[in-house]
Amino acid sequence: MPYLDNFIFGIYPYIVLTVFIVGCLIRFEREQYSWKSDSSQLLYKGQLRLGNILFHIGILGLFFGHLIGLLSPLALWKFLGISHSFKQLFAMGLGGVLGICCLIGILILLHRRFTCERISLNSTWRDKFLLGWLFVTLCLGLSTIFVSAHHLDGAQMVRLMTWAQHIITGRGDAASYVANASIIFKIHLFMGMSVFLMFPFTRLVHVFSGFASLFYLTRVWQLVRPR
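Residues numbered from 1 in each chain as written. Predicted model: local features only at pLDDT ≥ 70, side-chain atom pairs only at ≥ 80, totals over all residues. Heavy atoms only, no water.

Q: Let's hear about the overall build of the chain: which residues, and what values?
A: A tally of helices and strands in the chain yields 9 helices and 0 strands. Considered along the principal axes of its C-alpha atoms, the chain spans approximately 65 × 45 × 35 Å. When the 227 residues of the chain are sorted by exposure, 37% land in the buried category. Taking as baseline every contact in the chain between residues at least 6 positions apart, the subset at least 24 positions apart corresponds to 82%. Carbon and sulfur atoms make up 71% of the accessible area of the chain, which totals about 14,700 Å². For the chain, the separation between the mean place of its 19 positive charges and that of its 8 negative charges on side chains is 11 Å. (Helix = DSSP H or I, 4+ residues; strand = E, 2+ residues; numbered from the N terminus. Buried < 20%, exposed > 50% of the residue type's maximum accessible area, 1.4 Å probe, protein only. Contact = heavy atoms within 4.5 Å. Areas by Shrake-Rupley, 256 points an atom, 1.4 Å probe, with all protein chains shown as cover. Lys, Arg positive; Asp, Glu negative; His and termini not counted. Charge placed at Lys NZ, Arg CZ, Asp CG, Glu CD.)

Q: Run through the confidence of the model for the chain, naming residues and quoting values.
A: Of all residues in the chain, 97% have pLDDT values of 70 or greater, and the mean over the chain is 88. Element-level mean pLDDT values for the chain span from 77 in helix H9 (residues 206-212) up to 95 in helix H8 (residues 183-198). (pLDDT = per-residue confidence, 0-100.)

Q: A description of the environment of Gly210 should follow, citing residues and the corresponding values.
A: If you trace the backbone, Gly210 turns up in helix H9. Look at Gly210 and you get partly exposed, because its relative accessible area is 37%. Along the primary structure Gly210 and Lys36 are separated by 174 residues, whereas in three dimensions their C-alpha atoms are 9.9 Å apart.

Q: Quick rundown of the packing of helix H1 (residues 2-30) against H8? Include the residues and the values.
A: Between H1 and H8, the shortest axis-to-axis distance is 8 Å and the interhelical angle comes to 20°. Viewed along their axes, H1 and H8 adopt a mutual orientation that is roughly parallel. In this structure, the crossing between H1 and H8 has a hand that is left-handed. Mapping the contact onto sequence places Asp5, Ile8, Phe9, Tyr12, Pro13, Val16, Val19 and Phe20 in H1 and Lys186, Leu189, Phe190, Met193, Ser194, Phe196 and Leu197 in H8. Looking at side-chain class alone, the contact of H1 with H8 contains 12 nonpolar, 1 polar and 2 charged residues. (Axes fitted to C-alpha atoms, helices over the stretch in contact; angles between N-to-C directions. Parallel < 35°, antiparallel > 145°, perpendicular 65-115°, else oblique. Left-handed = near helix turned anticlockwise from the far one by under 90°. Nonpolar A, V, L, I, M, F, W, Y, C, P; charged D, E, K, R; others polar.)

Q: Which residues make up the packing of helix H2 (residues 48-71) against helix H4 (residues 84-115), and what values go with them?
A: Viewed as axis vectors pointing N to C, H2 and H4 meet at an angle of 145°, and their least axial separation amounts to 7 Å. For the pair H2 and H4, the crossing hand works out as left-handed. Across the interface between the two elements, Leu48, Leu50, Gly51, Asn52, Leu54, Phe55, Ile57, Gly58, Ile59, Gly61, Leu62 and Gly69 from H2 touch Lys87, Gly95, Leu98, Gly99, Cys101, Cys102, Ile104, Gly105, Ile106, Ile108, Leu109 and Arg112 from H4. Residue classes in the contact of H2 with H4 are distributed as 14 nonpolar, 8 polar and 2 charged.

Q: Which residues make up the nonpolar core, and what are the values?
A: Grouped together as the largest cluster of nonpolar side chains are 25 residues, with contacts concentrated most on Phe55, Ile106, Leu134, Leu138 and Phe199. For this core, the element with the most residues is helix H6 (residues 125-148), which contributes 7 residues. Excluding anything up to four places from it in sequence, Leu138 contacts Leu62, Gly99, Cys102, Leu103 and Ile106. (Core = buried A, V, L, I, M, F, W, Y, C linked by side-chain atoms within 4.5 Å.)

Q: Outline the environment of Met92, listing residues and values.
A: The topology assignment puts Met92 in helix H4. Given the relative accessible area of 17%, Met92 is considered buried. Beyond its immediate stretch of four places on either side in the chain, Met92 contacts Ile145, Ser148, Ala149 and Leu152.

So this is what it looks like as structure tokens:
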């Protein structure tokens, strides 16, 4: 198990990061016409708006919540006077709300994807596999709330933060901080990292286009003249 932990939580993150960056660059360079969300709205509109909105609010909130929560320096929270136990309770509460929101959305999207014949026939195996993978990852993430409820001192959260920050800064002892974590946390971390491994090969690449669209808010007005 120590060897497996060292690979999954010490080496695998860098494999994922390399595939994520290089894969996205290659796909944008070679297959720009595949850089899209492949919306199924034209095939069937039913339940799309509700499922889509709930899923995106939930998944984006969870992503940025994890990003800020894991990568914020411990010294920052100490400077702000926020204890580890309070931060953990806040993360459990907000993560639970966003997780349930995302769960309802993804269940609606899964129902559309697998029960609507037109959508199912026009879906690739990657579309279905990705939704299923995200669903399992999300369920595991919600399960960690119940695990965390048994230790509200924030110690496990601090170890996970230290692991993530050691990975980002390239320190070799990162895996040791999650070696004694619950198996639920470990599987959730592995599946969460694997989403980024699949990123360049699925429709997830449209996320970049979504963030890039924010630049439209600051671009110069177009002048349209009548004939």
